[in-house]
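So the chains spell out like this:
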Amino acid sequence: LALYEGLDFRSLVLLAPPADPEKYSGRFAKFFCLPEHTHAAMKRRLMSRYRLEWEQLRVSRGPGASRARLLVFHDPRDWKVPFQDGEEIVASWPRAELVRASGVGHHRIVRDPEVIGRAVQFLAGGSALRPAERPPRRRRPTLRPALVS
């Protein structure tokens, strides 16, 4: 929200984020077997309490005018927020990277030393990707002087 309100960030890190919190609220309601009217009331109350619309919370709408770099950590086997949500967010941001945090699940990701270290490195201005995870660099053509006779 701060990003969309104009606060300028150089870099952001998200851990196992839902791309669309409104959809996430639906999964939450389904998991707890909430009747539809209770789910609808919960959504209205949240929006009223925080004076927001669901669209404002949808991270997958991209960075807006911001040029912030984004790093998303997500466990491919996260059963609370699907890995596809992380992929959707990264696809919507021009300067985003996705790191597969395999084996940490949805809650342990915030305490994982490797995730923390790589997030700090990224926020400090470095890359959090290991060499094997980085996309291949495009090679510039080598300019060689032509022999003139």
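Rules used throughout
Residues numbered from 1 in each chain as written. Predicted model: local features only at pLDDT ≥ 70, side-chain atom pairs only at ≥ 80, totals over all residues. Heavy atoms only, no water. Helix = DSSP H or I, 4+ residues; strand = E, 2+ residues; numbered from the N terminus. Buried < 20%, exposed > 50% of the residue type's maximum accessible area, 1.4 Å probe, protein only. Contact = heavy atoms within 4.5 Å. Areas by Shrake-Rupley, 256 points an atom, 1.4 Å probe, with all protein chains shown as cover. Salt bridge = Lys/Arg side-chain N within 4 Å of Asp/Glu carboxyl O. Core = buried A, V, L, I, M, F, W, Y, C linked by side-chain atoms within 4.5 Å. Phe/Tyr/Trp six-rings, centres within 6.5 Å; stacked < 30°, edge-to-face > 60°. Lys NZ or Arg CZ within 6 Å of the ring centre and 35° of its normal.

Trainee: Explain the overall build of the protein to me, please; I cannot follow it from the model alone.
Mentor: What the protein contains, in helices and strands, is 5 helices and 3 strands. Written out in order from the N terminus, the α and β elements of the protein read β-α-α-α-β-α-β-α. Taken over 149 residues, the protein has a buried fraction of 34%. For the protein, contacts bridging at least 24 residues in sequence account for 73% of all contacts bridging at least 6. As presented, the protein carries roughly 10,700 Å² of accessible surface, and 55% of it is formed by carbon and sulfur atoms.

Trainee: In this structure, what is going on with the pattern of salt bridges? I would like to understand it.
Mentor: Side chains that differ in charge, positive against negative, can pair when their charged atoms come close. Enumeration according to the criterion identifies 4 salt bridges in this entry. Of the charged contacts in the structure, one is a salt bridge between E55 and R58, with a shortest N-O distance of 2.7 Å. You can call R58 partly exposed: its relative accessible area is 22%.

Trainee: I'm lost on the nonpolar core in this one. Help?
Mentor: Taken as a class, soluble globular proteins show a tendency for nonpolar side chains to be buried jointly. In this structure, L3, L12, A19, V59, A68, L70, V72, I89, V90, W93 and A96 together form the largest nonpolar core, which totals 11 residues. Among the secondary structure elements, those contributing two or more residues to this core are β2 (69-74) and α4 (83-92). Apart from the residues lying within four places of it in its own chain, the contact partners of A19 are R58, V59, S60, D85, E88 and I89. Counting 9 residues, the second largest nonpolar core, distinct from the first, contains V99, A101, V104 and F122.

Trainee: Can you walk me through the packing of aromatic side chains in this structure?
Mentor: Two measures describe an aromatic ring pair: the distance that separates the ring centres and the angle between the ring planes. Per the counting criterion, the structure on display carries 3 aromatic pairs. On the basis of an interplanar angle of 55° and a centroid distance of 4.9 Å, the ring pair of F28 and F32 is categorised as tilted. Judged by its relative accessible area of 47%, F32 falls in the partly exposed class. On the basis of an interplanar angle of 85° and a centroid distance of 4.9 Å, the ring pair of F31 and F32 is categorised as edge-to-face. With relative accessibility at 55%, the residue F31 sits in the exposed group. The ring centre of F122 lies 4.0 Å from the NZ or CZ of R69, which sits over that ring.

Trainee: Is there a simple way to think about unusual backbone geometry in this case?
Mentor: In most cases, non-glycine residues show a negative phi, while peptide bonds are predominantly trans. A positive phi angle is found at C33, which is not glycine, with a value near 55°. Phi at R51 takes a positive value of approximately 55°, unusual for a residue other than glycine.

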